[in-house]
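Below, each chain spelled out in residue letters.
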Amino acid sequence: MWASQYLGKHVSVSNIAYLINYGRIANHAKDSKQNLIDPQELKLYYDRFDKKDTHDSLSFANFKEVETTKHIHRLHPYKGKFIPQLVEFFLDSHTDDIKTAQWFGEGDIVLDPFCGSGTTLAVANTFNMHALGVDISCFNATLSNAKVGQYNLEALTRVLEDLIDKVESLHEKSPIKEFENALDTHLQNFNNRHFPKDFKRKVVLGQVDERIYGAEKAKEFLGIYEELLQHFTIPLLDSAQTGFIEKWYVHPIRQELLFLKEEIDKRHEGMRDILYIVLSRTARSCRATTHADLATLKDPITTTYYCKKHGKICRPLFSLKKWFSHYAKDTLKRLKEFQALRSGCFSLCLQADACGVDLMAEVSKHNKDFAHLIDAQKIAGIFSSPPYVGLIDYHEQHAYAYELFSLKRQDHLEIGAMQAGQGKIAREQYMQGIANVLKNTKRFLKPNYNVFLVANDKFNLYPRIAELAGMRIAKCYHRPVINRSEKDTRGYQESIFHLKDHREC
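Residues numbered from 1 in each chain as written. Predicted model: local features only at pLDDT ≥ 70, side-chain atom pairs only at ≥ 80, totals over all residues. Heavy atoms only, no water.

**So, the overall build of the protein chain**
Across its full length, the protein chain carries 20 helices and 9 strands. Relative to its length of 505 residues, the protein chain is compact, with a C-alpha radius of gyration of 25 Å against a globular reference of 23 Å. Each principal axis of the C-alpha atoms in the protein chain carries an extent, and together these give about 75 × 60 × 50 Å. In the protein chain, which comprises 505 residues, the share counted as buried stands at 51%. Partitioning the intrachain contacts of the protein chain with sequence separation of at least 6 by distance along the chain shows that 72% fall at a separation of at least 24. Accessible surface computed for the protein chain: about 24600 Å², of which carbon and sulfur atoms make up 50%. (Helix = DSSP H or I, 4+ residues; strand = E, 2+ residues; numbered from the N terminus. Rg over C-alpha atoms; globule rule 2.2 N^0.38 Å. Buried < 20%, exposed > 50% of the residue type's maximum accessible area, 1.4 Å probe, protein only. Contact = heavy atoms within 4.5 Å. Areas by Shrake-Rupley, 256 points an atom, 1.4 Å probe, with all protein chains shown as cover.)

**Brief notes about the packing of aromatic side chains**
Applying the stated criterion to the full structure yields 28 aromatic pairs. Centre to centre, the rings of F90 and Y477 are 5.4 Å apart; their planes meet at 75°, and the pair counts as edge-to-face. With F90 in helix α5 (residues 84-91) and Y477 in strand β8 (residues 471-481), this pair connects stretches of sequence that are 387 residues apart. Taken together, F60, F63, F82, F89, F90, W103, F104, F383, F452 and Y477 form an aromatic cluster joined through their ring pairs. In this arrangement the basic side chain of K322 is found over the ring face of W323, its NZ or CZ atom lying 5.9 Å from the centre. If you follow R427 out to its NZ or CZ, it ends over the ring of F459, 4.8 Å from the centre. (Phe/Tyr/Trp six-rings, centres within 6.5 Å; stacked < 30°, edge-to-face > 60°. Lys NZ or Arg CZ within 6 Å of the ring centre and 35° of its normal.)

**Comments concerning the state of the cysteines**
Tallied over the full model, the rule gives 0 disulfides. Among the cysteines around C314, which has no disulfide bond, C307 carries the closest sulfur, lying 3.9 Å off. The class of C314 is buried, set by a relative accessible area of 6%. (Disulfide = S-S within 2.5 Å.)

**Topic: the pairing of strand β6 (residues 379-384)**
Counting buried residues in β6 gives 6 out of 6 residues, a clear majority hidden from the surface. The pairing of strand β1 (residues 109-112) with β6 spans 2 bridges and is classified as parallel. Residue V110 lies in a different strand from β6, and its bridge partner there is G381. (Pairing = 2+ DSSP bridges.)

**So, the environment of Y430**
Among the structural elements, Y430 can be located in helix α19 (residues 424-441). For Y430, a relative accessible area of 3% puts it in the buried group. In sequence terms Y430 and L461 are 31 residues apart; their C-alpha atoms lie 8.7 Å from each other. What Y430 contacts, discounting residues up to four positions off in sequence, is P386, P387, Y388, V389, I415, G416, L461, Y462 and I465.

**Quick notes on the side chain of N191**
Tracing the backbone shows N191 in helix α9 (residues 176-194). Setting aside residues up to four positions removed in sequence, N191 forms contacts with P196, K312 and I313.

**Points about the packing of helix α8 (residues 153-172) against helix α13 (residues 251-267)**
Across the interface, α8 lies against α13 with an axial gap of 11 Å and an inter-helix angle of 145°. The crossing of α8 and α13 is right-handed. For the pair α8 and α13, the contacting residues are D162, L163, K166, V167, L170 and H171 in the first and E256, F259, L260, E263, I264 and R267 in the second. When grouped by side-chain class, the residues that make up the contact of α8 with α13 number 6 nonpolar, 1 polar and 5 charged. (Axes fitted to C-alpha atoms, helices over the stretch in contact; angles between N-to-C directions. Left-handed = near helix turned anticlockwise from the far one by under 90°. Nonpolar A, V, L, I, M, F, W, Y, C, P; charged D, E, K, R; others polar.)

**Observations regarding the packing of α9 against helix α11 (residues 210-232)**
Contact geometry of α9 with α11 gives a least axis separation of 11 Å together with a crossing angle of 160°. In terms of orientation, α9 and α11 fall into the roughly antiparallel class. The crossing of α9 and α11 is right-handed. Note on element contacts: α11 touches α9 through Y213, K217, E220, F221, I224, Y225, L228, L229 and F232, opposite E178, F179, A182, L183, H186, L187, F190 and H194. (Parallel < 35°, antiparallel > 145°, perpendicular 65-115°, else oblique.)

**Some details on the side chain of D411**
Among the structural elements, D411 can be located in the loop between α18 (399-404) and α19. Taking the relative accessible area as the measure of exposure, D411 reaches 17% and is therefore buried. At 2.7 Å, the side chain of D411 forms a polar contact with the side chain of R409. The residues contacting D411, other than those within four sequence positions of it, are D393, H395 and Q419. (Polar contact = N/O pair within 3.5 Å; in protein donor to acceptor, adjacent residues only side chain to side chain.)

**Some points on the confidence of the model for the protein chain**
Per-residue confidence for the protein chain gives a mean pLDDT of 92, with 96% of residues at or over 70. Counting interchain partners and residues more than four positions distant, the pLDDT-below-50 stretch residues 50-55 has 5 contacts. (pLDDT = per-residue confidence, 0-100.)

**Some thoughts on unusual backbone geometry**
Notably, H71 is not glycine yet its phi reads approximately 30°, a positive angle. For H71, a relative accessible area of 7% gives the class buried. Positive phi values are uncommon outside glycine, yet N128 reaches one of about 60°. Position of N128 relative to the elements: it lies in the loop between α6 (119-126) and β2 (130-135). A residue is classified by how much of its surface remains accessible, and N128, at 29% relative accessible area, is partly exposed.

**Thoughts on helix α14 (residues 272-285)**
Count 3.6 residues to each turn of an α-helix, and residues three or four apart come out pointing the same way. Compared with the 20 Å implied by 1.5 Å per residue over 14 residues, the 20 Å span of α14 between its first and last C-alpha is a close match. Across the 14 residues that make up α14, a large majority, 12, are buried. Buried within α14 we find I274, L275, Y276, I277, V278, L279, S280, R281, T282, A283, R284 and S285. Tucked inside the fold, the buried residues of α14 contact α7 (138-148), α8, α13, α15 (321-339) and α18. (Expected span 1.5 Å × (residues − 1).)

**As for the environment of I434**
By the element assignment, I434 lies in helix α19. Separated by 359 residues in sequence, I434 and L75 place their C-alpha atoms 28 Å apart. Every residue in contact with I434, bar those within four places of it in the chain, is listed here: F114, P386, P387, I415, Y462 and I465.

**Concerning the pairing of strand β5 (residues 347-351)**
Of all 5 residues in β5, 4 are buried, a share of seventy percent or more. When β2 meets β5, the two strands line up parallel, connected through 5 bridges. Residue L132 lies in a different strand from β5, and its bridge partner there is L348.

Right, dumping it as structure tokens:
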């Protein structure tokens, strides 16, 4: 309550607990099950940081992470997605000092030709708008359609419970359970002895050299770990690594992944997309890496190690059952929340190249009624975040899913591909690629369309993109990016370009 009043925004118990857990403030309680903090110490911590500008409504600084990742918006991790509040701001009916007009209304059709993880599709649906997405990535299209799909949640619950039971039964029959119990007992005793609750606080205060001390203790525990591996005969990585899964998954987890994939393929065609997403989310969390490097893989880690994130010795995973069960239940919860908000409007993502796709023809293959609606009333406009120049490898971030589900990769068709870099030629190709998408899709738009593109245009490419596409920039909105869906603390500025037809005054 004090912190909320002092900062002028809501501060939760978990916010304070985070500061304790990561050593930003001390826990003065003698009992390890309690938290006791010094308000003056908390004040000093807050005073070290300049208060961020929160009056700009486009910063969305007043939203907590649980709000920016609400319901299906955290169904699966995705690098480079925008928060739903940004889409809501431009799609809803409100006006203010920044947004002086309403551009979309109920019953309109919204297009996202760089659909990504499907945020625009989900937001439009809750506003009683139809939405069509296009993405070159097969995984992105699967993810987007899984998010906005309509499910019999009771039937889906039964299927997921059955899969959980099957993988737990598989785990019970393996030596992994007994091995993990023994390993966890040794780890708990070791960490309690060498990494007490005030360890992180001592690191922050400079009383302990975390790098040296952590390396020493990791080496000390490694002998215990290796003895247990040998005693229980636990296989790790194969020597011949021919693919992503063989490189990044220990043998027991690889067996469970393939087992669940086969079980899903056997009986659940109608629910396959959403079941694949649950398994993909599980697979991402179970790669052989450290907790700190989960978002950006470095090298496979199959030993115990000092974990900077948790301030103790951590271990690799040897079974996915815990994470699969957790993500299955979380998915059901999020789908249920979205189901209470969604409308009966059409929502669909096409897996296609937006530079040349015939939207009418492709939509007809999936939903003839939706295609007739597009033909009758045309698309009201676009809200999208195009890829950045040479920044994110959109296929590689989900390499595990492409290999596990045998999905076709089309990296060579990505606009602004990471491997192409950010040089002059790459920037010229990027401008032409984005312009080609706009030229191709605008033939399906209403004459008075509104196009909104979210971009970090540090190379000032969008004035030329608009010109190449036969459009003009009617207005440009700038916002600081404060809330990030991925665990990334680097802030930056981005722009929302409002494009109109060049002939329209």
